[in-house]
Structure formats: C-alpha cells, structure tokens
Amino acid sequence: MMHKVIFLYFAAVILVSAVLMITRRNLVHSIMFMLLLFFHIAGLFVLLNAEFLAAVQLIVYAGAILILYLFVVMLLNVDRERSVARANRFWPWITGFGVLIAVEMGFLIMRGRFSADIDQPMPPTGPGVKELGMALYQKYLVPFEIASVILLVGLVGAVMLAKKSEKE
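Residues numbered from 1 in each chain as written. Predicted model: local features only at pLDDT ≥ 70, side-chain atom pairs only at ≥ 80, totals over all residues. Heavy atoms only, no water.

Some words on the overall build of the protein
And step 1. When helices and strands are counted, the protein shows six helices and zero strands.
And step 2. Secondary structure elements of the protein occur, N-terminal to C-terminal, as α-α-α-α-α-α.
And step 3. Relative to its full complement of 168 residues, the protein shows a buried share of 13%.
And step 4. Taking contacts inside the protein between residues at least 6 apart in sequence as the whole, the part at least 24 apart equals 64%. (Helix = DSSP H or I, 4+ residues; strand = E, 2+ residues; numbered from the N terminus. Buried < 20%, exposed > 50% of the residue type's maximum accessible area, 1.4 Å probe, protein only. Contact = heavy atoms within 4.5 Å.)

This is the structure in structure tokens:
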C-alpha cells in the first residue's frame, strides 16, 4: 500500500512539474521545474529498485544536461523581462493530443492485468553497480577518459565562441 502512495506522489509531481516546465515564460523557471522533474523520476527508479538508473538520472540529466541548459541560457544573455508566449497557436492541438494520450493510457490501465504481489519489491538480478564500476574503470578506463576530454574541449569551445561574439 505504501508503494502505491509513494508512486502516486511521484507521478503527480512529475505531471505537474512537466506541465509547469512547458508553460513558464521564464527559461530559468522552466529549467528549475525540469530539475524537479528529474529528481522525481530518479525517485521512481529507486521505487523500482533500479538504484543505478536513479544515480545515472541524477548525474547525467540533473547534473550535466540541466547545467548545460543553464549555461546556454546564461551565455546567450536571454532577456528575462521580454518573454514570448510559447506554442500559443498550437495549444488546441497540444491539448487534443494530451487528452488523446490520457484516454489511451486510461484504457490500457483499465484493460491491463496486474499481479497480486505488487507491494513487494522485486529482488535484484544480474550484475550490480559494483561490477559495472569495476568494468568501467578497469577495462574501459582509456575510452572513458577520452570521452571526458572531448566533453571538456566542447565546453571550452562553447565558452570561447560566446566570448568572441561579445567582443564584436
């Protein structure tokens, strides 16, 4: 029973933050709602006993990609006072597709069969995070470091391009 309550909490916050993320006019506010969304998706992964996916969700999406979005917003000097309405002429279409997807999901949920032992967590199967970490830092150490250097070069290049355009 407790798993269902926690799931409903995560699902409600995910839906509300997703809607608020796409409806905010200020980009920084949208990014903050996206951060809230990513944290609650990681909570769903923990609820499903997928701790590694939760950690990847937080590290990759909330840690790296969201920070990249913030850097882009800050480097482009987006005027925060001047905000344009997003998707204003497409709202009827967006609402229609949203209702269609909600009806389809409701139909699938009502038609689906669920097991009686849904409150009990699933036992972990297969290799764990320790084995993955050992393989990543032993067998694939050089490609991992090369990827990090390439990402660093890309970040430095983006900063240099933004600095160059400020001088002009």
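A closer look at the packing of aromatic side chains
Any aromatic ring pair is given by two values, namely how distant the centres are and how the planes are angled relative to each other.
And step 1. Summed over all chains, the structure comprises four aromatic pairs.
And step 2. Residues F38 and Y61 carry aromatic rings whose centres are separated by 5.6 Å and whose planes lie at 45° to one another, so their mutual orientation is tilted. Pair noted here: F38 is in helix α2 (residues 27-47) and Y61 is in helix α3 (residues 51-75), with a separation of 23 residues, a long-range link.
And step 3. Given the relative accessible area of 10%, F38 is considered buried.
And step 4. Residue Y61 is classed as partly exposed on the basis of its relative accessible area, which comes to 37%.
And step 5. On the numbers, 5.2 Å between centres and 80° between planes, the contact of Y137 with F144 is edge-to-face.
And step 6. For F144, a relative accessible area of 32% gives the class partly exposed. (Phe/Tyr/Trp six-rings, centres within 6.5 Å; stacked < 30°, edge-to-face > 60°.)

Topic: the layout of surface pockets
And step 1. If you add up the space inside the second largest pocket, you get close to 500 Å³.
And step 2. Along the walls of the second largest pocket sit 15 residues, with I59, V60, L136, Y137 and F144 positioned nearest its centre.
And step 3. Those elements that place two or more of their residues in the lining of the second largest pocket are α3, α5 (129-138) and α6 (141-167).
And step 4. With six residues, the top contributor of residues to the lining of the second largest pocket is α3.
And step 5. By residue class, the composition of the lining of the second largest pocket is 13 nonpolar, two polar and no charged. (1 Å grid on protein atoms, 1.4 Å probe; cavity = no way out; pocket = protein on both sides within 12 Å on 5 of 7 lines; lining within 4 Å. Points joined across faces, edges and corners; volume = space filled by probe spheres on them. Nonpolar A, V, L, I, M, F, W, Y, C, P; charged D, E, K, R; others polar.)

Quick look at the side chain of Q57
And step 1. In this structure, Q57 sits in helix α3.
And step 2. Contact partners of Q57, with chain neighbours within four places excluded, come to F38, I41, A42, F45 and A62.

Some points on the nonpolar core
And step 1. Counting 12 residues, the largest nonpolar core consists of F10, I14, M21, I31, M34, L37, F38, L44, A62, L66, L70 and V73.
And step 2. Elements that contribute at least two residues to this core include exactly α1 (2-23), α2 and α3. (Core = buried A, V, L, I, M, F, W, Y, C linked by side-chain atoms within 4.5 Å.)

Describing the packing of α1 against α2
And step 1. Where α1 contacts α2, the two axes come as close as 8 Å, and the packing angle between them is 160°. Put simply, α1 runs roughly antiparallel to α2. α2 is crossed by α1, and the crossing has left-handed handedness. Residues H3, I6, F7, Y9, F10, V13, I14, S17, A18, L20 and M21 of α1 form the contact with α2, whose participating residues are S30, F33, M34, L36, L37, H40, I41, G43, L44 and L47.
And step 2. Here the contact of α1 with α2 is built from residues that sort into 16 nonpolar, five polar and no charged. (Axes fitted to C-alpha atoms, helices over the stretch in contact; angles between N-to-C directions. Parallel < 35°, antiparallel > 145°, perpendicular 65-115°, else oblique. Left-handed = near helix turned anticlockwise from the far one by under 90°.)

Read these as spatial facts, not as claims about activity.
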